[in-house]
Amino acid sequence: MKIKMRIHYKMLAGILTTSVLVFSIAIGYISIKSQRMAYRSAIENANASAAEYASKIEAELNYDMVVVRTLAQAFSDYQTIPNDEWQEVYSKMYHRVYMENPSFYKLWDSWELNVVDTSWDRPTGRIAVTLGRDDKGTIKSGTQLRSLNGDPEHYAKVKASGKEAIWEPYFDVFTFQDETQKFMTTISAPIYSGNHVWTGIVAIDIIMDEFQDIVSKIKPFETGYAILFSNKGIFVGHPKSELIGKNIVEVWETQVKEFNITERISNGERFYIETKDPHTGEDAVAVFIPIAVGKCGTPWSLSVVVPIDTILAEANLNFLISLLVGIFGLMLLSVIIYLISKNITHPLSKTTNLLKTLALGDLNQAEKLDIQTGDEIENMAISVNTLIE
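This one's a predicted model, so the numbers in the text were calculated from it and none came from an experiment.

Participant: I'm lost on the overall build of the chain in this one. Help?
Facilitator: When helices and strands are counted, the chain shows ten helices and twelve strands. Residues classed as buried in the chain amount to 41% of the 389 residues present. Counting contacts in the chain only where the partners sit at least 6 residues apart, residues at least 24 apart contribute 56% of the total. Surface exposure of the chain reaches about 21,900 Å², of which carbon and sulfur atoms provide 56%.

Encoded structure:
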């Protein structure tokens, strides 16, 4: 079926339809590409941000490890010092180191009695010197016998591994009088003597408040936050302090099952996941960066969590601006096309009406055309005027 339409409207419809189609395809393509690029860029930025903060935490923990490693290596020659002197000498060394490092909650050692005391005939038993501070900051020290009836769990694991260690967070077992228990971790280095005989450890305790202070200051993309996990997935640092000490399985159960998070943290993997933030309910990206401490082989992990809306905010804003500019452009194009088409069709309409009059043989009513467009339409008008003459 033939649709009758004036050339003026055909031009408007044809050009504008094509323009809108091209504009829609272009804007759609640019929007999708922009969102993808913004997403990839945000993931890279989140990775970089997490890596930067993770390296700072890693540096602090490795500094602590260097301290205990150095002491442990120095103490491996304890046998060269008379038996009634070496403990006093080492205690003085501890005091100086502890005084220079106020971030240490406690500095302590542990010596296997069946190695350092030839009269000891039990399979377990240790003598330990501990330095700590009271509420006024005064340094206190104490000596205790431990493991008389067997090694406690944490120490037994460290002893069995025979390596440097960053312990899973726990509540302090040995406290001074009137001292409250602290939730903390321990960094330890082994003391070996003679023919690589396990002799004990040198260790420092760090309370979780230290990590909480660091993590609470991390605000990626302003709306994001950070979490510090131990090797087994214990919350060590989190904006919500009530989660400290809980396992990730208790809070992120769905995510742990879906993405195998606990195992990947334990293995020291660097990865990210897209998931529903269990704390805010928003779609988010969580980046995990491993933190390696000494020669432990039990890395911790720093996670940076950023809402996807935040990640795509800039891309969405750019899309909106592009859309508004495109709509304005189409409106401007419509006006220009309207004026151009009118300049073309108006002379054509006058010529058409004149030809209709001539076709009826009414030469008296035929008036010459006054068209000065300087193009083919003007040439056609001249030819019609010649016909009238």
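Still more ground to cover, so stick around.
Participant: Can you walk me through the nonpolar core in this structure?
Facilitator: Among soluble globular proteins, nonpolar side chains are generally buried collectively. Counting residues in hydrophobic clusters, the biggest one holds 55 residues, and the most contacted among them are Leu61, Trp111, Val202, Leu228, Ile291 and Leu302. Broken down by element, this core gets its largest block of residues, 14 residues, from helix H1 (residues 7-75). Leu61 has contacts with Ile166, Ile187, Ile206, Phe211, Ile291 and Val293, leaving out every residue within four places of it along the chain. Judged by nonpolar contacts, the second largest core, of 17 residues, contains Ile265, Ile273, Ala284 and Val305.

Participant: What exactly am I supposed to notice about the pattern of salt bridges here?
Facilitator: Side-chain pairs of opposite charge can arise whenever the charged atoms involved come near each other. Evaluated as defined, the whole model comprises nine salt bridges. The partner of Glu164 in a salt bridge is Arg69, with the nearest N and O atoms 2.5 Å apart. Here Glu164, found in the loop between helix H4 (153-161) and strand S4 (165-166), pairs with Arg69, found in helix H1; they are 95 residues apart in sequence, far enough to count as distant. Given the relative accessible area of 8%, Glu164 is considered buried. Across the pair Glu269 and Arg264 runs a salt bridge whose closest N-O atoms are separated by 3.2 Å. Using a relative accessible area of 32% as the deciding quantity, one classes Glu269 as partly exposed. Through salt bridges with shared partners, a single ionic network connects Glu112, Asp151 and Lys159.

Participant: Where do I start with helix H5 (residues 208-216) in this structure?
Facilitator: Residues of H5 that are buried include every one of Met208, Phe211, Gln212 and Val215, and no others. Each buried residue of H5 lies within a common arc of 105° when the element is viewed along its axis, so the set occupies one face.

Participant: Got a minute to help me understand a negative patch on the surface in this structure?
Facilitator: A grouping of Glu60, Asp209, Glu210 and Asp213 is seen on the molecular surface, where their side chains present a negatively charged patch. Per-element accounting of the negative patch gives the leading share, three residues, to H5. One can find Glu60 in helix H1.

Participant: Any chance you could explain the sheet that holds strand S10 (residues 271-276) here in plain terms?
Facilitator: Two pairing modes exist for strands in a sheet, parallel and antiparallel, and in both the strands are linked by backbone hydrogen bonds. An order of S9-S8-S12-S11-S10 is seen for the five strands of this open sheet, with the pairing classed as antiparallel. Looking at strand neighbours, the two that pair on one side only are strand S9 (235-237) and S10, the edges of this open sheet. Going from strand to strand, the sheet's axes swing by 30° on average, the running direction of each strand aside. Bridge count between strand S8 (residues 225-229) and S9: two bridges; the pairing is antiparallel.

Participant: I keep staring at a nonpolar patch on the surface and nothing clicks. Help me out?
Facilitator: A surface patch of nonpolar side chains, amounting to about 460 Å² of accessible area, comprises Phe328, Leu332, Ile336, Ile340 and Ile344. Topologically, Ile344 is positioned in helix H9 (residues 308-359).

Participant: Just to check I follow, could you spell out the side chain of Thr275 for this structure?
Facilitator: Tracing the backbone through its elements, the reader meets Thr275 in strand S10. Overall, Thr275 belongs to the buried group, its relative accessible area being 13%. Looking at Thr275, its side chain comes within polar contact range of the side chain of Gln255, at 3.2 Å. Not counting the four nearest positions on each side in its chain, Thr275 is found in contact with Gln255, Phe259, Glu282, Asp283 and Ala284.

Participant: Explain helix H2 (residues 86-100) here, please?
Facilitator: Residues that lie three or four places apart on an α-helix share one face, since the helix turns once every 3.6 residues. Helix length check: H2 (15 residues) gives 22 Å between terminal C-alpha atoms against 21 Å at 1.5 Å per residue, within 8%. All buried positions along H2 are accounted for by Trp86, Tyr90, Tyr94 and Tyr98. One face of H2 carries all of its buried residues, which in axial projection span an arc of 95°. Opposite the buried face of H2, by more than 90 degrees, sit the exposed residues Glu88, Lys92 and Arg96.

Participant: Sorry if this is basic, but what is going on with the pairing of S8 here?
Facilitator: Within a regular strand, side chains alternate between the sheet's two faces. The buried fraction of S8 is high, at five of five residues. Side chains Tyr225, Ile227 and Phe229 project from S8 onto one buried face, and the interleaved Ala226 and Leu228 project onto a second face that is buried too. As paired strands, S8 and strand S12 (residues 300-307) are joined by five bridges and run antiparallel to one another. When the bridges of S12 are listed, Phe229 appears paired with Ser301. Taken together, S8 and the strand that follows it, S9, pair antiparallel across an intervening segment of five residues, in which Gly233 is found at a positive phi of about 90°.

Participant: Any chance you could explain the packing of aromatic side chains here in plain terms?
Facilitator: The way to describe two aromatic rings as a pair is by their centre distance and the angle between their planes. Applying the stated rule across the entire model yields 14 aromatic pairs. The rings of Phe229, Phe235, Trp252, Phe271 and Phe288 are connected pair by pair, giving a single aromatic cluster. The residue whose ring lies beneath Arg133 is Tyr98, and the NZ or CZ to ring-centre distance is 3.9 Å. Above the plane of the ring of Trp108 lies Arg146, whose end atom (NZ or CZ) is 5.3 Å from the centre.

Participant: Is there a simple way to explain the environment of Met93 in this structure?
Facilitator: Tracing the sequence through the fold places Met93 in helix H2. Residues within four places of Met93 in sequence aside, it is in contact with Leu71 and Phe75.

The rules behind each value
Residues numbered from 1 in each chain as written. Predicted model: local features only at pLDDT ≥ 70, side-chain atom pairs only at ≥ 80, totals over all residues. Heavy atoms only, no water. Helix = DSSP H or I, 4+ residues; strand = E, 2+ residues; numbered from the N terminus. Buried < 20%, exposed > 50% of the residue type's maximum accessible area, 1.4 Å probe, protein only. Contact = heavy atoms within 4.5 Å. Areas by Shrake-Rupley, 256 points an atom, 1.4 Å probe, with all protein chains shown as cover. Core = buried A, V, L, I, M, F, W, Y, C linked by side-chain atoms within 4.5 Å. Salt bridge = Lys/Arg side-chain N within 4 Å of Asp/Glu carboxyl O. Arc of directions from axis to C-beta. Patch = residues over 30% accessible without salt bridge, like charges linked within 9 Å, V, L, I, M, F, W, Y side chains within 5 Å. Lys, Arg positive; Asp, Glu negative; His and termini not counted. Charge placed at Lys NZ, Arg CZ, Asp CG, Glu CD. Pairing = 2+ DSSP bridges. Axes fitted to C-alpha atoms, helices over the stretch in contact; angles between N-to-C directions. Polar contact = N/O pair within 3.5 Å; in protein donor to acceptor, adjacent residues only side chain to side chain. Expected span 1.5 Å × (residues − 1). Phe/Tyr/Trp six-rings, centres within 6.5 Å; stacked < 30°, edge-to-face > 60°. Lys NZ or Arg CZ within 6 Å of the ring centre and 35° of its normal.

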